[in-house]
Amino acid sequence: MDRDLVALLGFVLMFLLMALRVPIGVAMGLSGILGFAALSGMGPALRLLGQVPLSVLSDYNLSIIPMFILMGAFSAGAGMSRELFAAGTAWLGHRRGGLALATITACGGFAAINGSSVATAATMSQVALPEMRKAGYDPGLSAGLIAAGGTLGIMIPPSVIFVLYGIMTETDIKQLFFAGVVPGIIAMLFYSTVILFFAWRRPATMPSGRIHSWRERFATLKNLWATLLLFLVVLGGMYLGVFTATEAAGVGAMGALVIGLVRGQLHVNQIKETLVGSLRVSAAILTIVLGAYLFGYFLTITQFTQNSIEFLVHLPVGAYGVLALIMVGYLILGAVMDELAMILLTVPIVFPAMMQLGFDPVWFGVIIVMAVTFGMICPPVGMNVFVINSIATDIPLTRIYRGTFPFIAVDLVRLFLLCAFPMLSLWLPRTIGG
Amino acid sequence: MLNRILAFTESVAALFLLLVAALTFFNVCVRYLFHTQIPDWFDLSKQLQAIAIMWGIALATYRGTHICVDILWEHCAGAWRRRIDIFATAVTLLLLAPMAWMIFVIVANMGSEVTSDLRLQLRYFYAIAALGAVAAALLAVKRIMELYAQRAPDGVGTERLDG
């Protein structure tokens, strides 16, 4: 059978199965195996189905994903997210829009000890959203702010998306982590600008809170040692070469557990629940990774990957034209598809094309994370928005989406800046990343 | 009874994840403090991870907590939602059943590979992971039966901490 036709049918089957609520990893894996069988025969396809799960699931490099998930879950259980928000509230809450600024600060702080956008959004929805609503903040704008703030979880290191990108493209994960710092800080500044604009133009949506005494303010700072320590150990250890990125994740997970135990905030039942929750999430993610590997083998023998790379490289629009087309493609895909699946499916195609066009692999990692950022908050499938809606069920989805629009607008500006000035991403890893 | 067994299995698998973190953490400590390493930390971490995740996949299949696209499902009424779930689980079984079979074939034909330090037989670790793959297929069948009888656990709203 014609290889291009089989590749096309493979994609059609995969998307059809996904639409019919077949788990994404299963849809990718089954389409991949059936396509592989159509071209190479059932025997080789079945052998692939036996070998790939054992080799993928026992790949030590992938342990970085469950370990960073554990670290984030233990950190939340140890109360670090609440302490970050409390500190932000004490220092900024008396200003108009102050609670919103405190939320963004807390999102950024929590992102530094947690590698997930959804986890950041879910945690902050429980910590900050009730407080903002109690203070009279506009519910839609508050929820939209948390959805956007949640995306800091994948830009500020550690980040599950950077990890996956690094493993797939063999790009240094340490460099990717450092590359995310400045764009993450820029995001916080841009989101804060949006908040200050609304506080100025529509003051009723963001009333000011009570003034905290200086003693209260400094009291909140002393609780932040745990967050700071964990961040410094994980990033500092990688920077100094004390351990690899994979080891850093294990050290971070155990560090968060030890901190929770020492402070008496993690108990046996809570630890058990955290572990089980992390296992569920890890299993769900690694099922997608497994499916992507199976589908990837299929695409390789159809030569779809190589043909697509050739096509992209030879488009008569120049390197930045190709980049723009890819970003438009990601914006469309991100709106209707799971972000992990999107990355796992597309990076093997777009990454080699981008490298042939002369782009930097670390910088392109940051751009990929930006693409995921839009997917997390843009309608109709914005996972952060769904998670917030599942926690604050009385705020309609449409209202949360409306609340995200100002932040999507500044994210577009940020994307443009990161594309126009690659040094915004590359300066830190080139300076200290080694 | 089944739920208790599954909850216990899930706790053990989750504990394996903690063991991977602990092995990594203590190995870093031992490396810098005593210039040595925990015997087989690398092989053990890999095997424990494979076992934990394989059993995690089995339990996620039964509980319906895999990551799915819900656009169509959310716009359907109850009966159609159940039909979609039955179809999705049946398709899942279509992948998991041959996967479990092939993993078992590979494990059964595995030579006497051992870990690098303690010389532990790798096939035993792989066999426990393979049992997880079998459990995944069997639990998919169980879920289809329960969905048919309208008693299956519903994974909607389960936490997602990935991207």
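Up top is the structure.
Residue numbering note: each chain is counted from 1, following its sequence as written. The order in which chains are written sets their letters, starting at A; the order in which ligands are written sets their numbers, starting at 1. Reporting in this predicted model follows two pLDDT cut-offs: at least 70 for local features of residues, and 80 or more for side-chain atom pairs to be given and counted; totals over whole chains, interfaces and linings ignore these cut-offs and use all residues. Think of the side-chain values as coming from all heavy atoms in the structure, minus any hydrogens and water.

Caption draft 1: Expanded view of the overall build of chain B. Segments assigned H or I by DSSP are reported as helices when at least four residues long, segments assigned E as strands when at least two residues long, and all are numbered from the N terminus. For chain B, the count of helices and strands is five helices and zero strands. Start at the N end of chain B and walk to the C end: the helices and strands fall as α-α-α-α-α. Along the first, second and third principal axes, the C-alpha atoms of chain B reach 65 × 35 × 30 Å. Exposure categories follow from relative accessible area, calculated using a 1.4 Å probe and restricted to protein chains: below 20% of the type maximum is buried, above 50% is exposed, and the middle band is partly exposed. Burial status across chain B gives 50% buried among its 163 residues. Here chain B contributes 13 positively and 12 negatively charged side chains, and the mean placements of these two sets differ by 6 Å. Under the convention used here, Asp and Glu are negative, Lys and Arg are positive, and both His and the chain ends fall outside the count. A charge is said to be at NZ when it belongs to Lys, at CZ for Arg, at CG for Asp and at CD for Glu.

Caption draft 2: Region of interest: the overall build of chain A. Along chain A, the regular secondary structure elements total 24 helices and zero strands. In this description the radius of gyration comes from C-alpha coordinates, and the expected globular size is given by 2.2 Å times residues to the power 0.38. For chain A, whose C-alpha radius of gyration is 22 Å, the value lies close to the compact-globule estimate of 22 Å for 434 residues. Summarising its shape, the C-alpha atoms of chain A cover approximately 75 × 45 × 45 Å along the three principal directions. Here chain A holds 434 residues, and the buried ones make up 63% of them. Whether two residues touch is decided by their heavy atoms; if any such pair falls within 4.5 Å, the residues are in contact. Within chain A, residue pairs in contact and separated by at least 24 positions form 78% of the contacts whose partners lie at least 6 positions apart.

Caption draft 3: How the structure looks around the interface of chain A and chain B. Taken together, the contacts link 68 residues of chain A with 58 residues of chain B. Buried area between chain A and chain B, summed over both chains or domains, comes out near 5800 Å², and the portion from carbon and sulfur atoms is 76%. By the criterion of area lost to chain B, the three top residues of chain A are Arg21, Tyr60 and Leu279 of chain A, representing 15% of everything that side buries. Of the charged contacts in the structure, one is a salt bridge between Arg31 of chain B and Glu247 of chain A, with a shortest N-O distance of 2.7 Å. Here a polar contact is recorded for every N or O atom pair within 3.5 Å, except that within protein the pair must consist of a potential hydrogen donor and a potential acceptor, and residues adjacent in sequence are included only if both atoms are side-chain atoms. Put simply, chain A and chain B have eleven residue pairs in polar contact (both at pLDDT 80 or more) between them. Of all elements in the fold, only α1 (3-19), α2 (24-40), α3 (42-57), α4 (64-77), α7 (117-127), α11 (160-169), α16 (245-262) and α17 (268-302) of chain A reach the threshold of two or more residues within the side of chain A that touches chain B. Take the side of chain A that touches chain B: its biggest share by element is 15 residues, from α17 of chain A. As used here, buried area is the combined drop in accessible area, with a 1.4 Å probe, of two parts when they are placed together. Think of a salt bridge as a Lys or Arg side-chain nitrogen and an Asp or Glu carboxyl oxygen that are within 4 Å of each other.

Caption draft 4: The packing of helix α18 (residues 304-313) of chain A against helix α20 (residues 339-356) of chain A, seen in detail. Residues and elements named next belong to chain A. Following both chains from N to C, one finds α18 and α20 inclined at 40°, their axes separated by 9 Å at the closest point. With respect to their mutual orientation, α18 and α20 come out oblique. Judged by the twist between their axes, the crossing of α18 over α20 is right-handed. Seen from α18, the contacting residues are Phe304, Thr305, Ser308, Ile309, Leu312 and Val313; seen from α20, they are Pro348, Ile349, Val350, Pro352, Ala353 and Gln356. Gly falls in the polar group here, along with every residue not listed as nonpolar (Ala, Val, Leu, Ile, Met, Phe, Trp, Tyr, Cys, Pro) or charged (Asp, Glu, Lys, Arg). Of the residues assigned to the contact of α18 with α20, the class counts are nine nonpolar, three polar and no charged. A fitted line through C-alpha atoms serves as each axis, taken over the contacting stretch for helices, and the angle formed by two N-to-C directions is quoted from 0 to 180°. Just so you know how the angles are binned, under 35 degrees is roughly parallel, over 145 roughly antiparallel, 65 to 115 roughly perpendicular, and the rest oblique. Whether a crossing is left-handed or right-handed is set by the direction in which the near helix is turned from the far one by less than a right angle, anticlockwise for left-handed and clockwise for right-handed.

Caption draft 5: Quick peek at the packing of aromatic side chains. Aromatic pairs are defined between Phe, Tyr and Trp rings, using the six-membered ring for Trp, whenever the two ring centres lie within 6.5 Å; interplanar angles under 30 degrees are classed as stacked, those over 60 as edge-to-face, and all others as tilted. Under the counting rule described, the total for this entry stands at 20 aromatic pairs over all chains. Look at Trp41 of chain B and Phe42 of chain B: their rings are 5.8 Å apart centre to centre, the planes differ by 70°, and that puts the pair in the edge-to-face class. Relative accessible area serves as the criterion here: at 10%, Trp41 of chain B is assigned to the buried category. Chaining the aromatic ring pairs together yields one cluster made of Phe11, Phe15, Phe295, Phe298 and Phe304 of chain A. Only lysine NZ and arginine CZ atoms are considered, and such an atom sits over a ring when it is within 6 Å of the ring centre and within 35 degrees of the ring normal. Seen from the ring of Trp200 of chain A, Arg201 of chain A lies directly overhead, with NZ or CZ sitting 5.2 Å from the centre.

Caption draft 6: Examining the packing of α11 of chain A against α20 of chain A more closely. Residue and element names in this part refer to chain A. Relative to each other, α11 and α20 sit at 35°, their axes nearing to 10 Å. Between α11 and α20 the crossing geometry is right-handed. Across from Ile161, Leu164, Tyr165, Met168 and Thr169 in α11, the residues of α20 making contact are Leu340, Ile343, Leu344, Val347, Pro348 and Phe351. Tallied by class, residues from the contact of α11 with α20 come to ten nonpolar, one polar and no charged.

Caption draft 7: Geometry of the nonpolar core. Residue and element names in this part refer to chain A. Each nonpolar core is a collection of buried residues, namely Ala, Val, Leu, Ile, Met, Phe, Trp, Tyr and Cys, held together in the definition by side-chain atoms within 4.5 Å. Met28, Ile65 and Phe364 are the most contacted members of the largest nonpolar core, which totals 218 residues. In terms of residue count, the dominant contributor to this core is α17 (17 residues). Ignoring sequence-local partners within four residues, the contact set of Met28 consists of Met14, Met18, Ile288, Gly291, Ala292, Phe295, Ala341 and Leu345.

Caption draft 8: Spatial organisation of the environment of Ala108 of chain B. Residue and element names in this part refer to chain B. Within the fold, Ala108 resides in helix α4 (residues 78-108). For Ala108, a relative accessible area of 57% translates into the label exposed. Residues Ala108 and Tyr126, spaced 18 residues apart in sequence, show a C-alpha to C-alpha distance of 9.6 Å.

Caption draft 9: The arrangement of a nonpolar patch on the surface in detail. Residue and element names in this part refer to chain A. Patches here: salt-bridge-free residues with over 30% relative accessible area, like charges joined within 9 Å, nonpolar side chains (Val, Leu, Ile, Met, Phe, Trp, Tyr) joined within 5 Å. Only the protein chains shown count as cover for residues, and the accessible areas themselves come from Shrake-Rupley with a 1.4 Å probe. Together, Met1, Leu5, Leu8, Leu9 and Val12 make up a nonpolar patch on the protein surface, roughly 520 Å² of accessible area in all. Along the chain, Val12 falls in helix α1. Looking at Val12, the relative accessible area reads 48%, which means it is partly exposed.

Caption draft 10: Structural view of the pattern of salt bridges. Evaluated as defined, the whole model comprises 13 salt bridges over all chains. Here Arg263 of chain A and Glu83 of chain A are joined by a salt bridge, their closest N and O atoms 2.6 Å apart. Taken as a pair, Arg263 of chain A in the loop between α16 and α17 and Glu83 of chain A in helix α5 (residues 80-92) lie far apart in primary sequence, 180 residues in all. Judged by relative accessible area, Glu83 of chain A falls into the buried class, the value being 10%. By sharing partners, the salt bridges in this structure join Arg21 of chain A together with Asp70 and Asp85 of chain B into a single network.

Caption draft 11: Quick look at unusual backbone geometry. In this chain, Pro157 of chain A is followed by Pro158 of chain A through a cis amide linkage whose omega measures -5°. Mapped onto the elements, Pro158 of chain A comes out in the loop between α10 (152-155) and α11. Even without glycine at this site, Arg21 of chain A takes up a positive phi of about 65°. In this structure, Arg21 of chain A sits in the loop between α1 and α2. With a phi angle near 65°, Asp40 of chain B is a residue other than glycine that sits in the positive phi range. With relative accessibility at 2%, the residue Asp40 of chain B sits in the buried group.

By themselves, these figures tell us nothing about what the structure is for.
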